[in-house]
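A closer look at the structure
This is what each chain is made of:
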Amino acid sequence: MKAIAITRAATDGNNIEFLQEIDLPMPVATGHDLLVEVKAISVNPVDTKVREGFNADVPRVLGWDAVGVVKSVGEAVTLFTPGDEVWYAGALGRAGSNSIIRPGANSQFHLVDSRIAAHKPASLTDAEAAALPLTAITAWEMLFDRLGVEENSNEDDVLLIVGAAGGVGSILTQLA
């Protein structure tokens, strides 16, 4: 399967040439995993930060947000079946107790834990859906988990959103 990977770091901000197409073995869904045929991805600021700080001899596939079609499921998956359209903000960090680094979603097929995926809303195109997961999660966590905003209990409070034209800020404005 084809994937796009960062092959070396560049700190000058102009490191597009370090993104290379590579071939990887086809992943296999086990446990809680979904094997997703990726239809759309988005690029987030965190992708550029990882590219700048990349320091390894092995190419690394980036990408958090993805939309696609489930091709197969692991034996512990109960909420999805092959053919389902899903969207998610995946995980590049350590996966499970065996400390394996998962490849990102910038590939033809991607393994994602079913517990962090959801059925894609039918009202959104693949591109629209791919633009939302990480920004929406960040806005939600900031507003409700960090700031402690509760529905109908903060009527006299004032919230200033700086940078509301960006991805997180625009979602934060809508949630607020």
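Note that residues are indexed from 1 along each chain, following the sequence as it is written. Only residues with pLDDT of at least 70 are given local features in this predicted model, and only at 80 or more are side-chain atom pairs given and counted; all residues enter the totals for whole chains, interfaces and linings. Values shown for side chains rest on all heavy atoms present in the structure; no hydrogens or waters enter the calculation.

1. Looking at the nonpolar core
Worth spelling out the cut-off: Definition used in this section: a nonpolar core is a set of buried Ala, Val, Leu, Ile, Met, Phe, Trp, Tyr and Cys residues joined via side-chain atoms within 4.5 Å. Note on exposure labels: buried denotes an accessible area under 20% of the residue type's maximum, exposed denotes more than 50%, and partly exposed covers the range between, all computed with a 1.4 Å probe on protein chains only. Numbering of helices and strands runs from the N terminus, with a helix taken as a DSSP run of H or I at least four residues long and a strand as a DSSP run of E at least two residues long. We call two residues in contact when some of their heavy atoms are within 4.5 Å.
Within the largest apolar cluster, twelve residues are counted, these being L34, V36, V38, A66, V70, V77, F80, V86, Y88, A105, V112 and A117. Of the residues forming this core, the biggest block, three residues, is contributed by strand β3 (residues 33-41). Sequence-distant contacts of V36, that is, excluding residues within four places in its chain, are made with G68, V69, V70, V86, Y88, Q108, F109, H110 and V112.

2. Quick word on the side chain of K120
One can find K120 in the loop between β10 (117-119) and α2 (126-130). Of the residues examined, K120 reaches a relative accessible area of 11% and is grouped as buried. Among residues more than four places away in sequence, those in contact with K120 are V67, E85, V86, W87, T125, D126 and A129.

3. What about the confidence of the model for the chain?
A low pLDDT score tells you not to read the predicted coordinates there in detail. To be explicit about the condition: pLDDT is a residue-level measure of predictor confidence that goes from 0 to 100.
Summarising the model, the chain shows a mean pLDDT of 87, and 88% of its residues fall at 70 or more. Here residues 94-100 scores under 50 on pLDDT; set against residues more than four positions off or in separate chains, the count is six contacts.

4. Looking at the packing of helix α3 (residues 133-146) against helix α4 (residues 167-175)
Each pair of packed helices can be described by the angle between their axes along with the distance between the axes. Basically, it comes down to this: Fitted lines through C-alpha atoms serve as axes, helices being fitted only where they are in contact, and the angles separating the N-to-C directions of these axes extend from 0 to 180 degrees. Relative orientations are named as follows: roughly parallel for angles under 35 degrees, roughly antiparallel for angles over 145 degrees, roughly perpendicular for angles from 65 to 115 degrees, and oblique for any other angle. It is the rotation of the near helix from the far one that decides the hand of a crossing: anticlockwise by less than a right angle makes it left-handed, clockwise makes it right-handed.
At a minimum axis separation of 8 Å, α3 and α4 run at an interaxial angle of 55 degrees. Our classification of the angle between α3 and α4 gives oblique. Here α3 and α4 pass one another in a crossing that is right-handed. Along its contact with α3, which presents T135, A136, T138, A139, W140, M142, L143 and F144, the element α4 presents G167, V168, I171, L172 and L175.

5. Side note on the pattern of salt bridges
Worth spelling out the cut-off: When a carboxyl oxygen of Asp or Glu lies within 4 Å of a side-chain nitrogen of Lys or Arg, that pair is called a salt bridge.
Taken as a whole and assessed by the stated rule, the structure comprises seven salt bridges. Between R102 and D33 there is a salt bridge, with the nearest N and O atoms lying 2.8 Å from each other. You can see R102 sitting in the loop between β8 (100-101) and β9 (109-113) and its partner D33 sitting in strand β3, a full 69 residues away along the chain. Across this residue pair, the class does not change: R102 and D33 are buried. Of the charged contacts, one joins D113 and R115 as a salt bridge, the two residues approaching to 2.7 Å between their closest N and O atoms. Taking the relative accessible area as the measure of exposure, R115 reaches 58% and is therefore exposed. It is possible to trace a salt-bridge network through shared partners that takes in K2, E21 and D23.

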